[in-house]
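These are the residues of each chain, in order.
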Amino acid sequence: MSKDSKKVSIGGQALIEGIMMQGPKGAAMSVRLPNGEIETEMLELKKLKDKFKPAGWPLIRGIVNFVESMLFGFKCIEKSAEKAGLDDDIPEEEMSKLDKWLSDHFGPKMIAVISAIAMVLGFGLSFLLFVYLPTFLVDVVDKYVFKDALANLHPLFEGIMRMCIFVFYFYLVSLMPDIKRVFMYHGAEHKSIFCYESGLELTVENVKKQSRFHPRCGTSFIFVIIIISILISSILVVAFPSIDDVRPVWIAIKLLIIPLTVAFSYEFIKYAGSHDNIFVKILSFPGLMMQRISTKEPTDDIIEVGIAALKAVLPDDSEEKN
């Protein structure tokens, strides 16, 4: 593909032994099967904005896209786990009591049930770590160290605390061998997209040369959400000084403004994808640095999966499809 070829918007997600890509032709996932082959499958992707136009309007589209991406991504992870062989039957003698109970009651749906339980626990853990804990720690430090002198600065310190907890949590998770492999697929996703956006032929060698840090990554999106939440929370505290006096109420307010925060964050990420100025670089910097943890350099066999998924969603007139 030549340098002046028309570029289109591409996005993706790392899966279990695979990658999902979204592009002009829809969504596709490529998974490395237990036998070593790569299986690519086109996926049905229904978007609310196709039936309800306001869902595609600025600010509204960010919230809608966030929810749709969460649900669709969960389904893709579940399907990739099945294809990668993670749902293979476990010998009964190797099953724990919990495994046996789940198998007896849910049978073939056991993986789906476990995934659902994990999602619920994940949301609970996220609330505890990233909503309640920062507020609690800032309250304790302000009360016993600064003697309640930092009331108007609570949103700033809570945001900083939230970032620190998030980075530390992500670092610990990245040490797990299975997660590290998912992060390698994450790196392959970014590198493949960069290769296409650079106008280069989609080969393993060309993809390997690309950066694994991409400004439109979901990791960057999370940091943008945190930064914008600091700004919105600070504005509320300045406008209504007593709003955070009752901590349960303040936590509830922060939960209620999450949709607004997501909406503004999505618009920024969309803007950042097509602009390269100092404002974009400053807000994108934390997320790009975080990608040093959330992405790893992929091996050639993992890059092949990324290329397969990307080719499946490119326009038919792209040379990569020939």
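That block above? That's the structure.
Quantities reported herein were computed from a predicted structural model and do not represent experimental measurements.

Peer 1: Help me understand unusual backbone geometry, please; the structure alone is not making it clear to me.
Peer 2: Trans is the common state for peptide bonds, and a negative phi is the common state for residues other than glycine. Of note in this structure, glutamate 17 is not a glycine but carries a positive phi near 55°. Tracing the backbone through its elements, the reader meets glutamate 17 in the loop between strand E1 (11-15) and strand E2 (18-23). Of note in this structure, leucine 59 is not a glycine but carries a positive phi near 75°. Inspection of the secondary structure puts leucine 59 in the loop between strand E4 (38-43) and helix H1 (60-83). Given the relative accessible area of 34%, leucine 59 is considered partly exposed.

Peer 1: Is there a simple way to explain the packing of helix H4 (residues 154-174) against helix H8 (residues 247-256) in this structure?
Peer 2: Angle between the axes and distance between the axes: these two values describe a pair of packed helices. At a minimum axis distance of 14 Å, the contact between H4 and H8 shows a crossing angle of 65°. The angle between H4 and H8 places the two elements in the roughly perpendicular class. H4 and H8 meet at a crossing whose hand is right-handed. Residues His154, Pro155, Glu158 and Arg162 of H4 form the contact with H8, whose own contacting residues are Arg247, Trp250 and Lys254. Residues belonging to the contact of H4 with H8 are distributed by class as follows: two nonpolar, one polar and four charged.

Peer 1: What's the story with the packing of aromatic side chains in this structure? I'm lost.
Peer 2: Geometrically, a pair of aromatic rings is defined through the distance of the ring centres and the angle of the planes. Evaluation of the coordinates by the stated rule reveals eight aromatic pairs. With centroids separated by 5.9 Å and ring planes inclined at 65°, the aromatic side chains of phenylalanine 130 and phenylalanine 166 adopt a geometry described as edge-to-face. With a gap of 36 residues between them, phenylalanine 130 in helix H3 (residues 110-144) and phenylalanine 166 in helix H4 connect regions that are remote in the sequence. Assigned by exposure class, phenylalanine 130 and phenylalanine 166 land together as buried. Ring centres of phenylalanine 166 and phenylalanine 223 lie 5.5 Å apart, and the angle between their planes is 75°; on these two criteria the pair is classed as edge-to-face. One end of the pair, phenylalanine 166, is in helix H4; the other, phenylalanine 223, is in helix H7 (residues 218-239), and 57 residues separate them in sequence. Here phenylalanine 166 and phenylalanine 223 have matching classes, each one buried. A network of ring pairs unites the aromatic residues Phe130, Phe166, Tyr169, Phe170, Phe183 and Phe223 as a single cluster.

Peer 1: Explain the side chain of serine 229 here, please?
Peer 2: Along the chain, serine 229 turns up in helix H7. From its side chain, serine 229 meets the backbone oxygen of isoleucine 226 in a polar contact 2.6 Å long. Among residues more than four places away in sequence, those in contact with serine 229 are Arg162 and Thr261.

Conventions we followed
- Residues numbered from 1 in each chain as written.
- Predicted model: local features only at pLDDT ≥ 70, side-chain atom pairs only at ≥ 80, totals over all residues.
- Heavy atoms only, no water.
- Helix = DSSP H or I, 4+ residues; strand = E, 2+ residues; numbered from the N terminus.
- Buried < 20%, exposed > 50% of the residue type's maximum accessible area, 1.4 Å probe, protein only.
- Axes fitted to C-alpha atoms, helices over the stretch in contact; angles between N-to-C directions.
- Parallel < 35°, antiparallel > 145°, perpendicular 65-115°, else oblique.
- Left-handed = near helix turned anticlockwise from the far one by under 90°.
- Contact = heavy atoms within 4.5 Å.
- Nonpolar A, V, L, I, M, F, W, Y, C, P; charged D, E, K, R; others polar.
- Phe/Tyr/Trp six-rings, centres within 6.5 Å; stacked < 30°, edge-to-face > 60°.
- Polar contact = N/O pair within 3.5 Å; in protein donor to acceptor, adjacent residues only side chain to side chain.

Keep in mind these numbers describe shape, not what the thing actually does.
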